[in-house]
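# Geometric and topological summary
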Amino acid sequence: MGELHEKYLRMNKMPHIWCAGCGNGIIMGAFITAIDRLGYDKDEVAAVSGIGCSGRITGYLDFNTIHTTHGRALAFATGIKLTKPRLKVFVFMGDGDAVAIGGNHLIHACRRNLDMTAVIFNNHIYGMTGGQFSPTTFKNKSATTAPYGTTDPDFDIAQLCIGAGATYVARGTSYHARLLTDLIVKGAEHPGFSVIEVITHCPVNFGRRNNFESPAQMLLWQKEHGVAARKAKAMPLEDMEGKFTIGELYRSTEIPEYLEEYGRVIQAANEEKQP
Amino acid sequence: MGKKRFNVTVDRTICKACGICVAFCPMSVFTTDHDDKAVVSAPERCTGCRQCELLCPDFCITVVQVEETADG
Ligand SMILES: Cc1ncc(C[n+]2csc(CCOP(=O)(O)OP(=O)(O)O)c2C)c(N)n1
Ligand code: SF4
Ligand code: SF4
Ligand code: SF4
Ligand SMILES: [Mg+2]
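Residues numbered from 1 in each chain as written. Chains lettered and ligands numbered in written order. Predicted model: local features only at pLDDT ≥ 70, side-chain atom pairs only at ≥ 80, totals over all residues. Heavy atoms only, no water.

This next bit is on the overall build of chain A. Within chain A, the regular secondary structure consists of 12 helices and eight strands. Whereas a compact globule of 275 residues would reach a radius of gyration of roughly 19 Å, chain A reaches 19 Å, a difference of no more than 12%. Per element, the accessible surface of chain A, about 12,600 Å² overall, is 51% carbon and sulfur. A gap of 3 Å separates the mean positions of the 28 positive and 28 negative side-chain charges of chain A. (Helix = DSSP H or I, 4+ residues; strand = E, 2+ residues; numbered from the N terminus. Rg over C-alpha atoms; globule rule 2.2 N^0.38 Å. Areas by Shrake-Rupley, 256 points an atom, 1.4 Å probe, with all protein chains shown as cover. Lys, Arg positive; Asp, Glu negative; His and termini not counted. Charge placed at Lys NZ, Arg CZ, Asp CG, Glu CD.)

Below, the structure is given as structure tokens:
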């Protein structure tokens, strides 16, 4: 471990609990690199997480942290940002956390456009509870709850968030770690609700059950299936079959940021109080 | 132009033997020991690309530039 880890991680909690080869550690590394580049003071950062293997990240990050309940991280984060607007709020969720139990919170957070950055660890499975399929598990994959293969079509988290009104949406992977850092930096700098979907891997509860022999093979899959958004635009649709776009996917500055809107309510209420 | 040299180390006490560094180092700097943990076998081949540092999920690897020889 280097200076960066010593500065931004709770070293007394290391080594972390994640399984050998799990993508979560790579994402945590990319995240602290982003924080370092942003130059934020540790005390002005708030990290909020839900429940799942991904949610454990707030036990390791040495910022203001809160490990909340399953699916509700965004609700806690919203309260934190509204009461302490100076804080840079980052929200960490798994795919189950963000789009199954917490799906409603996610779409309404997108709609509101409060200045926060959500990082969604999409490993296409419920990792922590032993490999149940999630709304992002691809069709015909094996899961403990789908021994004969899944039948449901999968959600595209990034597209879902664009549709719901998020004003910065990007997709990265744990393999493209440098790109991921860039995307987190840009998401944090964007004034509004930013979502970074991270395609990552759970070697234990997804990989083993779906013919991936090693964590490295799962990273290789990301390398081979992630196509830069700019490049994808020029590709014939059939060449994108089974692949996914990575990079910045959407950005808008036209929708007002929520704190500004909410500020008008505070002002009006204060004026009413005056004698 | 001098050839850059790098010191690559693996903290064996925290290595979880996942094999990622072994698979992704473009210069095949790593091999594995009897516990499948990573071993730095050919540090002289390292180009300092830092792929191993970025992809090790357990932050076991450090790559430090050591010297620059005048004549390469
Ligand atoms: C209200 C509630 N329901 C169910 C659970 C059990 N539970 C814990 S984590 C989890 C899903 C984890 O999947 P995901 O959000 O994708 O996170 P991962 O472990 O894959 O990072 C579930 C269902 C819970 N803790 N709380
Ligand atoms: S169960 Fe999966 S997601 Fe959870 S720590 Fe292990 S490899 Fe990572
Ligand atoms: S820095 Fe690059 S070349 Fe050097 S050991 Fe790491 S992956 Fe290999
Ligand atoms: S990537 Fe890290 S944990 Fe995995 S084998 Fe290499 S040094 Fe060990
Ligand atoms: Mg998951």
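A separate point is the packing of aromatic side chains. By the definition in use, this model includes 11 aromatic pairs over all chains. For the ring pair Phe31(A) and Phe92(A), a centre distance of 4.9 Å and an interplane angle of 90° mean the geometry is edge-to-face. Within this pair, whereas Phe31(A) is found in helix α2 (residues 23-38), its partner Phe92(A) is found in strand β3 (residues 88-94), the two being separated by 61 residues in sequence. For the pair Phe31(A) and Phe92(A), one class covers both residues: buried. Here Tyr175(A) and Phe24(B) contribute two aromatic rings whose centre-to-centre distance is 5.5 Å and whose plane-to-plane angle is 50°, an arrangement assigned as tilted. Separated into two different chains, Tyr175(A) in the loop between β5 (168-173) and α8 (177-189) and Phe24(B) in helix α1 (residues 20-24) make up a pair that spans both. The same class applies to Tyr175(A) and to Phe24(B), which are both buried. (Phe/Tyr/Trp six-rings, centres within 6.5 Å; stacked < 30°, edge-to-face > 60°. Buried < 20%, exposed > 50% of the residue type's maximum accessible area, 1.4 Å probe, protein only.)

Once the charged atoms of two side chains with opposite charge are near each other, the side chains can pair. All names here are of chain A. For the coordinates displayed, the defined rule picks out 11 salt bridges over all chains. Across the salt bridge formed by Arg-251 and Glu-248, the nearest N and O atoms sit 3.0 Å from each other. Salt bridges sharing common partners tie together Arg-10, Lys-42 and Asp-62. (Salt bridge = Lys/Arg side-chain N within 4 Å of Asp/Glu carboxyl O.)

As a further point, take the coordination of the magnesium ion (ligand 5). Residue and element names in this part refer to chain A. Looking at the magnesium ion (ligand 5), one finds its protein donor set to be Asp-95 (OD), Asn-123 (OD1) and Ile-125 (O), positioned 2.0 to 2.1 Å from the metal centre. Within one chain, the residues donating to the magnesium ion (ligand 5) are spaced in sequence as D-x27-N-x1-I. Placement of the pair is Asp-95 in helix α5 (residues 95-101) and Ile-125 in the loop between β4 (116-122) and α7 (157-164), with a sequence separation of 30 residues. The class for Asp-95 is buried, based on a relative accessible area of 2%. (Donors = N, O, S within 2.8 Å, 3.2 Å for Na, K, Ca; no water.)

A word on the site of ligand 3. In the vicinity of ligand 3 lie 13 residues, with Cys25(B), Cys46(B), Cys49(B), Arg50(B) and Cys52(B) positioned nearest. Within the shell around ligand 3, the residues separate by chemical class into nine nonpolar, three polar and one charged. (Near = heavy atom within 4 Å. Nonpolar A, V, L, I, M, F, W, Y, C, P; charged D, E, K, R; others polar.)

Attention now moves to the pairing of β4(A). Residues and elements named next belong to chain A. Counting buried positions along β4 gives seven out of seven residues, so the element sits mostly inside the fold. Burial along β4 is two-sided: Met-116, Ala-118, Ile-120 and Asn-122 facing one way and Thr-117, Val-119 and Phe-121 facing the other are all buried. Direction of pairing for β3 relative to β4: parallel, over a ladder of five bridges. Within the sheet, the bridge partner assigned to Phe-90 lies in β4 and is Thr-117. Both β4 and strand β6 (residues 193-199) contribute to a ladder of seven bridges, which runs parallel. The residue of β6 that forms the bridge with Ala-118 is Val-195. (Pairing = 2+ DSSP bridges.)

This part is about the interface of chain B and chain A. In this assembly, 16 residues from chain B lie in contact with 24 residues from chain A. Overall, the association of chain B and chain A removes approximately 1,600 Å² of surface from exposure, summing both partners, and the carbon and sulfur fraction of that is 70%. Summed over the three residues of chain B that lose the most area to chain A, namely Lys16(B), Phe24(B) and Phe59(B), the buried surface amounts to 39% of that side. For the interface between chain B and chain A, the tally reads zero salt bridges. At the boundary of chain B and chain A, one finds seven residue pairs in polar contact (both at pLDDT 80 or more). Residue assignment for the side of chain B that touches chain A shows that the elements contributing at least two residues are α1 and α2 (51-55) of chain B. Across the side of chain B that touches chain A, the residue classes break down as 10 nonpolar, three polar and three charged. (Contact = heavy atoms within 4.5 Å. Buried area = accessible area lost by both parts, 1.4 Å probe. Polar contact = N/O pair within 3.5 Å; in protein donor to acceptor, adjacent residues only side chain to side chain.)

Turning next to the confidence of the model for chain B. Across chain B, the average pLDDT comes to 93, with 90% of residues at or above 70. Scored as a whole, the predicted complex attains pTM 0.97, and scored at its interfaces, ipTM 0.94. (pLDDT = per-residue confidence, 0-100.)

On the surface, Tyr262(A), Val265(A) and Ile266(A) cluster together into a nonpolar patch covering about 250 Å² of accessible area. As for its placement among the helices and strands, Val265(A) is situated in helix α12 (residues 258-273). (Patch = residues over 30% accessible without salt bridge, like charges linked within 9 Å, V, L, I, M, F, W, Y side chains within 5 Å.)

Our next topic: unusual backbone geometry. Residues and elements named next belong to chain A. Residue Pro-15 is bonded to the preceding Met-14 through a cis peptide linkage, with omega at 0°. Here Pro-15 shows up in the loop between α1 (3-8) and α2. Its identity is not glycine, yet Asn-113 carries a phi of approximately 65°, on the positive side. Structurally, the position occupied by Asn-113 is in the loop between α6 (103-112) and β4. One non-glycine residue, Asn-211, adopts positive backbone phi at about 60°. On the secondary structure map, Asn-211 appears in the loop between α9 (203-207) and α10 (215-225).

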